[in-house]
Each structure stands twice: as structure tokens, then as C-alpha cells.
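Fold and geometry: a report
What follows is each chain in one-letter form.
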Amino acid sequence: MRIGELAKLSNTPTRSLRYYEEQGLIVPRRLDNGYREYDPHLIDRAVQIRGLIDSGVPTRIIALILPCLDKPRGIVPEDIEPELLTILRQERDKMSHRIDFLTRNRDSIAVYIDAADAALERRTAGSAA
DNA sequence: CTTCTTACA
DNA sequence: TGTAAGGA
């Protein structure tokens, strides 16, 4: 499929798909006319990359993570470079921090919403059936 | 009409 | 990232 179809199926802007290619993630083969040709299985990859970027993970880290995610679950190569493992640990911790941050803000918003709902409830009480 | 590259905001 | 230009 060409870039337009992948964009629809993965709900990712063509602009982003070209950017992913520029960053070395998802490098499609080219047709004779120069158009990008993507394999169907890349739909999931595009969704995953978009998700990681939306989550604040830099593309250079995503490039390091994708190969790991491709490997079958539970199977880890014997030659793990301590260098990569260190970076992965740091990234995991950053993700945890972002999650904690979002959790706190979500809870704050939830409290506000509950208060607003309560106020609305009081205001409309009796005016309905 | 779809895609391509380059470039600006 | 969105958008525009200028081609194929």
C-alpha cells in the first residue's frame, strides 16, 4: 500500500510517516515511480511509533526500542550490550515519571469534575422529572 | 487525484 | 507538525 492508505489505516498523518522514515523508523521500499510502498504489517508499527512519540519518547530512543519489541516475547539475545540496557533503564524511569505526573493531574481534574457535577446536580435538582 | 521534495512558520 | 510551492 502507498503512504495515503497507510495514513488512513494507522490514523497517522502522511507528514509523520515521512518523518518516521527520515528518522530511520519504518523505511519503505520505493516503487518505480518513486512512491513509497508499505507492507501491511507496518500498520501496527506506525501506530506503535505514533503512540510512543505522543507519549514523549524521542525518536532516537524509539529506534533503539523497536528492534527489542520485534523480538518474540521472553526471548532475549545473549549479547545484550550493557550500554543499551542502561539507556533502556533510564527511559523506563522517565516513562514512570511521566505516568506519575499524568496520574496526579488526571486525579486533580477528576476531583474538579466531581465538584462541578455536584454543583450542577444541586442546580438542576427538582427541575426535572 | 495521489505522491514527491523542499522549505517556512 | 501543518501547509504551500512546483513537478511528475
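Up top you'll find the structure we're talking about.
Quick look at the structure, then. Values in this document were obtained by computation on a predicted structure and should not be read as measured data. (Residues numbered from 1 in each chain as written. Chains lettered and ligands numbered in written order. Predicted model: local features only at pLDDT ≥ 70, side-chain atom pairs only at ≥ 80, totals over all residues. Heavy atoms only, no water.)

Turning our eyes to something else, we now look at the protein's contact with DNA strand C. Every residue close to DNA strand C is listed here: P13, R15, S16 and Y35. Close to the protein, within 4 Å, the atoms of DNA strand C are drawn from sugar and phosphate at a rate of 29%. Note that a base oxygen of DNA strand C is positioned 2.6 Å from one of the side-chain N or O atoms of R15. Between S16 and DNA strand C, the recorded distance is 3.5 Å, taken from a side-chain N or O atom to a sugar or linking oxygen. Considering only residue class, the surface near DNA strand C consists of two nonpolar, one polar and one charged. (Near = heavy atom within 4 Å. Polar contact = N/O pair within 3.5 Å; in protein donor to acceptor, adjacent residues only side chain to side chain. Nonpolar A, V, L, I, M, F, W, Y, C, P; charged D, E, K, R; others polar.)

This paragraph deals with the side chain of E91. Inspection of the secondary structure assignment puts E91 in helix α5 (residues 82-124). R98 provides the closest opposite charge to the buried, salt-bridge-free E91, at an N-O distance of 4.0 Å. In this structure E91 touches V57, P58, I61 and R98, once residues within four positions along its chain are discounted. (Helix = DSSP H or I, 4+ residues; strand = E, 2+ residues; numbered from the N terminus. Buried < 20%, exposed > 50% of the residue type's maximum accessible area, 1.4 Å probe, protein only. Lys, Arg positive; Asp, Glu negative; His and termini not counted. Salt bridge = Lys/Arg side-chain N within 4 Å of Asp/Glu carboxyl O. Contact = heavy atoms within 4.5 Å.)

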